[in-house]
Amino acid sequence: MPIERTLTIIKPDAFEARHVGDIIKILEANHFRIVAARLVRLSRREAEGFYKIHRAKPFFPSLTEFMSSGPALVMVLEGENAIARLREVMGATDPAKAAPETIRKLYASGIEHNAIHGSDAPQTAACEIGYFFPEVELI
Ligand code: CMP
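A brief structural summary.

Reading the values: the criteria
- Residues numbered from 1 in each chain as written.
- Predicted model: local features only at pLDDT ≥ 70, side-chain atom pairs only at ≥ 80, totals over all residues.
- Heavy atoms only, no water.
- Salt bridge = Lys/Arg side-chain N within 4 Å of Asp/Glu carboxyl O.
- Helix = DSSP H or I, 4+ residues; strand = E, 2+ residues; numbered from the N terminus.
- Buried < 20%, exposed > 50% of the residue type's maximum accessible area, 1.4 Å probe, protein only.
- Pairing = 2+ DSSP bridges.
- Axes fitted to C-alpha atoms, helices over the stretch in contact; angles between N-to-C directions.
- Arc of directions from axis to C-beta.
- Contact = heavy atoms within 4.5 Å.
- Near = heavy atom within 4 Å.
- Polar contact = N/O pair within 3.5 Å; in protein donor to acceptor, adjacent residues only side chain to side chain.
- Areas by Shrake-Rupley, 256 points an atom, 1.4 Å probe, with all protein chains shown as cover.
- Nonpolar A, V, L, I, M, F, W, Y, C, P; charged D, E, K, R; others polar.

1. Considering the pattern of salt bridges
Evaluated as defined, the whole model comprises three salt bridges. The closest approach of N and O atoms between Glu78 and Arg33, which form a salt bridge, is 3.0 Å. With a gap of 45 residues between them, Glu78 in strand β3 (residues 72–80) and Arg33 in strand β2 (residues 33–40) connect regions that are remote in the sequence. Residue Glu78 is classed as buried on the basis of its relative accessible area, which comes to 12%. For Arg44, the salt bridge goes to Glu48, with nearest N and O atoms at 3.8 Å. Here the residue Arg44 and the residue Glu48 both occupy positions in helix α3 (residues 44–50), the gap between them amounting to four residues, near one helical turn. For Arg44, a relative accessible area of 34% corresponds to the partly exposed category. Residue classification places Glu48 among the partly exposed positions, given a relative accessible area of 32%. The network of salt bridges with common partners includes Arg5, Arg33 and Glu78.

2. Some details on the sheet that holds β2
With respect to topology, four strands assemble into an open sheet ordered β2-β3-β1-β4, the strand pairing being antiparallel. The sheet is open, and its two borders are formed by β2 and β4 (116–118), each paired with just one other strand. Neighbour to neighbour, the strand axes of the sheet diverge by 20° on average, direction disregarded. Pairing geometry for β2 and β3, over seven bridges, is antiparallel.

3. Regarding helix α5 (residues 82–90)
Taken residue by residue, α5 has Ala82, Ile83, Arg85, Leu86, Val89 and Met90 as its buried positions. For α5, the angular spread of the buried residues around the axis is 170°, confining them to a single face. Buried residues along α5 sit against β1 (3–10), α2 (20–29), β3, α6 (103–107), β4 and α7 (122–132). Phi turns positive one or two residues past the end of α5, at Gly91, with a value near 90°.

4. A few points about the site of the ligand
Lining the immediate surroundings of the ligand are Lys11, Tyr51, His54, Phe59, Leu63, Thr93, Arg104, Ile111, Glu112, Asn114 and His117. At a separation of 2.8 Å, an oxygen atom of the ligand approaches a polar side-chain atom of Lys11. In the environment of the ligand, an oxygen atom lies 2.5 Å from a nitrogen or oxygen atom belonging to the side chain of Tyr51. Starting from 460 Å² of accessible surface for the ligand in isolation, the protein chains cover 80%. Residue composition of the shell around the ligand, by class: four nonpolar, four polar and three charged.

Dropping the structure here:
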C-alpha cells in the first residue's frame, strides 16, 4: 500500500461540541500520523475557495456559511492508503448512512454539519493540502 498524505478538517460543529480530542484519538488509533496542523477561522471567501468545486450546488451558500461560522482544525495526515482509508474512518457524508463507529456516525448531526472533511482523491488531496499548507511536501 502506498504512503499517502491527505487533508482533513475537523469542522466547526465538532470543534464547538469539543470533539476534537475524540476525533484525533480515532485518527491516531487508525495509524494516521499528523504531519501538519492549523487552527483556523475561515473567512466566507476562504470557505468558498476551498469548496469551489461545489459552487453550483444548492447547499453551497449554507455550507460556506457553516464552514466560516467558527474555529476548525485543519490537518495533513499521512499513512498507508491514507486518502481512501480516511474516508472509511470518517463514514458516509450523511451520518444516517454512515457505518457504525465511524467519526460521522459518532459525531455528525446531519449531512451538512458532518463533523469532518477528508480529501476524496489524490489530485484533490494535493490541491487541498496546497490550499492550507503551501509549504508541505506532497508524497
Ligand atoms: P465534505 O466531505 O466536507 O464535502 C462537501 C460538503 O458539503 C460535505 O462534506 C457536507 O458538509 C456538505 N454537503 C454535501 N452534500 C450536501 C447536501 N445534500 N446538503 C447539504 N450539505 C451537503
